[in-house]
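If you want the building blocks of each chain, they are given just below.
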Amino acid sequence: MVTELLEATDESVLVRRARDGDMRAFDRLVLAHSERVFRLALRMLNNREEAEDIQQETFLCAYRSLGKFRGESSFATWLYSIASHQCLSRIRWKLRRPGTDPVESLIEMPSEDGDPEEQLLASESARQVQLCLEALAPADRLLLVLKFVEQLSHEEIAEVLHCSEQSSRSRLFRAKRLFKEQYERMG
Amino acid sequence: MSFDDCFEEEQINKGFAALRGVDAPDPRQAIAARLQPKRNRLIPALSLAAAVAACVVFALVLRFPQPVIKHGIASVDHKRNAVIARRMPKPVLVAMVPPPSDPQVGDGQPSGAGLADAPSRRFFTLSYRDKETSVKPRKGDICINSKDGAVMVWVPAGRFLMGSSDKDISAFLKEHPEKKWTAEAFADETPQHEVRLSGYWIYKCEVTVKQYRQFCEETGRTMPVEPAWGWQDDYPIMNVRWDDAAAYAEWAGASLPTEAQWEKAARGTDGRLYPWGNEWDASRCGETRLGEIHPVGSIPTGASPYGCMDMAGNAAEWCSDYYQDNYYSQIATGSWIDPKGPATGTERALRGGGWYLFYYPANLYGRSACRSKTDPEADEGAGFRLAR
């Protein structure tokens, strides 16, 4: 608890310093959060190049908007909020010009040591989950990624999506049902 | 763990767990690089802008009465409420015409007469035409919409080639084999066909944040959703719904361009691929990175044959037409005179490379013939310019 408190204080200090133009402080914030932003983008778009772009763009947006961050939510959920918006926007733009979507990259799996058979099974499950996610509407996909990949609480999801906790719960319930239907169809 | 936190199916849970592992890049260097040059560029740009502004203020306030037009001849058009600049090597219009009732313009009196005796005639000549004289604009003429101060350029009547030829599409596909696209993705741009348009004025630049704010203040409308970089006066307005763009057009006494008007203004009459020619050059449409747009009209090298700016970058732009993917093939057999698009539809046409599109090969949307579409209620990144 004490460590968490210290970390929280550290982060708010870093944010304040970054807002005052301290690039080193901003660098530390980037380092601390870059993986989660990238992961969200990668799972939403399933394209590494685009995910890298969204990752950079999210931090650039954050840098430009630091003055608007009032610390009412955590810095992480604020970043998730920016990244989510970037991902949804990009997906919407893709729909404007059907037939020219960037080629999908292979589903990225971490290289881990361990039982190769286990790894293969996990890889296959991940592939199937990613495919099902892609078949869902972007808003439903986002909810599931926030909940089951990023493991945010309902309270945090509500902060990211600017909705009530109740709304987050009911939307997630619906998204799960749609996901399961899709999963069974792809069987 | 509650039901909410997992699925009943273990395989699904395992799949999600596996998706948590990624090999994330460290973006710090790239971010620093993207922030740094901007700062470096900004200082000389600001210094230059300040110097130019000082010169203009000096010229206007200390040397010349208004209106002043350098290196050229202008005529006052009361009907259009505009000054039209003529025979200028490089048209620069620095005066805006006040409403007709304004005594500065007068009524039948040569308001610019005094200017003819100005001390340095080499700087300008202002000719005056009686209000009865009809002014026929020519290519290169510009005028100003007195409602919002926007500079408009004249696109003369005539024919031009609209859409993409099979050769254009094959060449583009060859350039980007890694995308594995087929010609079908470009079918809405074919067949290329000849279109005849009456002459029209079109905004040299996209409508700016400042202009749109004025519209909102006068009409009680609200500004669109603010982009991440905030509202900056000389940047293009963005995130505008089609209805709002059309309302602005009505307020400004103009209209959204048709797709044909937009395309002719962008590529001229010689069938070129991009506003500046046939070779792609990302620097001519500004930044090629997501989220980095620029003040309207700030990249003169990207100008179209008629002087229109930012037609391959900055905001994507609404057109008045409904979008229909087979529209060209439907009417390509007939005579194309001032086509206004399909009579009905559910989606509206968007033109021009928007800043959001550069993660594609940038020249996909930068091509003047490229068509895109969206729900008129969707506003993401959409701006506009007007025609009359």
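Procedures and definitions
Residues numbered from 1 in each chain as written. Chains lettered and ligands numbered in written order. Predicted model: local features only at pLDDT ≥ 70, side-chain atom pairs only at ≥ 80, totals over all residues. Heavy atoms only, no water. Helix = DSSP H or I, 4+ residues; strand = E, 2+ residues; numbered from the N terminus. Buried < 20%, exposed > 50% of the residue type's maximum accessible area, 1.4 Å probe, protein only. Contact = heavy atoms within 4.5 Å. Areas by Shrake-Rupley, 256 points an atom, 1.4 Å probe, with all protein chains shown as cover. Core = buried A, V, L, I, M, F, W, Y, C linked by side-chain atoms within 4.5 Å. Phe/Tyr/Trp six-rings, centres within 6.5 Å; stacked < 30°, edge-to-face > 60°. Lys NZ or Arg CZ within 6 Å of the ring centre and 35° of its normal. Pairing = 2+ DSSP bridges. Axes fitted to C-alpha atoms, helices over the stretch in contact; angles between N-to-C directions. Parallel < 35°, antiparallel > 145°, perpendicular 65-115°, else oblique. Nonpolar A, V, L, I, M, F, W, Y, C, P; charged D, E, K, R; others polar. Salt bridge = Lys/Arg side-chain N within 4 Å of Asp/Glu carboxyl O.

Draft legend 1. Geometry of the overall build of chain B. Each helix and strand counted, chain B has nine helices and 11 strands in total. Classification of the 388 residues of chain B by burial places 51% in the buried group. A separation threshold of at least 6 residues defines the contact pool for chain B, and within that pool the share at least 24 residues apart is 75%. Within the structure as shown, chain B displays about 17,400 Å² of accessible surface, and the carbon and sulfur contribution to it stands at 53%.

Draft legend 2. Structural view of the nonpolar core. Formed by 61 residues in total, the largest nonpolar core has its most connected members in Met 44, Leu 144, Leu 146 and Phe 179 of chain A together with Phe 16 of chain B. In this view, Leu 144 of chain A contacts Leu 133, Leu 136, Val 149, Leu 172, Ala 175, Lys 176 and Phe 179 of chain A together with Phe 7 and Phe 16 of chain B; residues no more than four positions away in its chain are not counted. Val 207, Tyr 212, Tyr 235 and Trp 251 of chain B belong to the second-largest nonpolar core, a separate cluster that totals 33 residues.

Draft legend 3. Local environment of the side chain of Ser 304 of chain B. Residues and elements named next belong to chain B. Residue position: Ser 304 is located in the loop between helix H7 (259-267) and strand S8 (316-322). Accessibility expressed as a relative area gives 6% for Ser 304, which makes it buried. When sequence neighbours within four positions are dropped, the list of residues in contact with Ser 304 reads Ala 265, Ala 266 and Pro 275.

Draft legend 4. Just the packing of aromatic side chains, in detail. Counted under the stated rule, the structure contains 24 aromatic pairs over all chains. On the basis of an interplanar angle of 10 degrees and a centroid distance of 5.7 Å, the ring pair of Phe 7 of chain B and Phe 16 of chain B is categorised as stacked. Residue Phe 7 of chain B is classed as buried on the basis of its relative accessible area of 3%. Phe 16 of chain B sits in the buried class, given a relative accessible area of 1%. Seen in terms of ring centroids, Phe 172 of chain B and Phe 186 of chain B are 5.6 Å apart; in terms of plane orientation they differ by 65 degrees. Their pairing is edge-to-face. Of this pair, Phe 172 of chain B sits in helix H4 (residues 166-175) while Phe 186 of chain B sits in the loop between H4 and strand S6 (193-197); the two residues are 14 residues apart in sequence, bridging distant segments of the chain. The pair Phe 172 of chain B / Phe 186 of chain B is uniform in exposure class, with both members buried. Here a set of aromatic residues connected by ring pairs shows up, and it is made of Phe 148, Phe 179 and Tyr 183 of chain A together with Phe 7 and Phe 16 of chain B. Positioned over the ring face of Phe 172 of chain B is Arg 367 of chain B, at 5.1 Å from the centre of the ring. The ring of Tyr 328 of chain B has Arg 371 of chain B sitting right over it, with the charged end atom 4.5 Å from the ring centre.

Draft legend 5. Up close: the pairing of S8 of chain B. All names here are of chain B. Burial of S8 is extensive: five of the seven residues sit out of reach of the surface. Relative to strand S11 (residues 382-383), S8 runs parallel, the two being bridged by two bridges. Its bridge partner being in S11, Glu 317 is matched across the sheet by Gly 383. Note that S8 and strand S9 (residues 348-351) share three bridges and pair antiparallel. In the strand pairing of S9, Glu 317 is matched with Arg 351.

Draft legend 6. Focus on the sheet that holds strand S3 (residues 142-144) of chain B. Residue and element names in this part refer to chain B. With antiparallel pairing, three strands are arranged side by side in an open sheet as S3-S4-S7. Strands with a single pairing partner mark the edges of an open sheet, and in this sheet they are S3 and strand S7 (200-203). Pairs of neighbouring strands in the sheet enclose a mean axial angle of 40 degrees, with direction left out of account. Where strand S4 (residues 151-155) and S7 come together, four bridges link them in antiparallel fashion. Its bridge partner lying in S7, Trp 154 is registered against Trp 201.

Draft legend 7. Examining the packing of helix H6 (residues 138-149) of chain A against helix H8 (residues 165-186) of chain A more closely. Residue and element names in this part refer to chain A. Orientation of H6 relative to H8, taken along the N-to-C sense of each, is 100 degrees, at an axis distance of 9 Å. Judged on the interaxial angle alone, H8 and H6 are roughly perpendicular. Residues Asp 140, Leu 143, Leu 144, Lys 147 and Phe 148 of H6 pack against Ser 168, Arg 171, Leu 172, Arg 174, Ala 175, Lys 176, Leu 178 and Phe 179 of H8. Of the residues that constitute the contact of H6 with H8, the class distribution is seven nonpolar, one polar and five charged.

Draft legend 8. View of the pattern of salt bridges. All names here are of chain A. The final tally for this structure, using the stated rule, is 26 salt bridges over all chains. Across the pair Arg 48 and Glu 52 runs a salt bridge whose closest N-O atoms are separated by 3.5 Å. Here the residue Arg 48 and the residue Glu 52 both occupy positions in helix H3 (residues 48-64), the gap between them amounting to four residues, near one helical turn. A relative accessible area of 22% means that Arg 48 is categorised as partly exposed.

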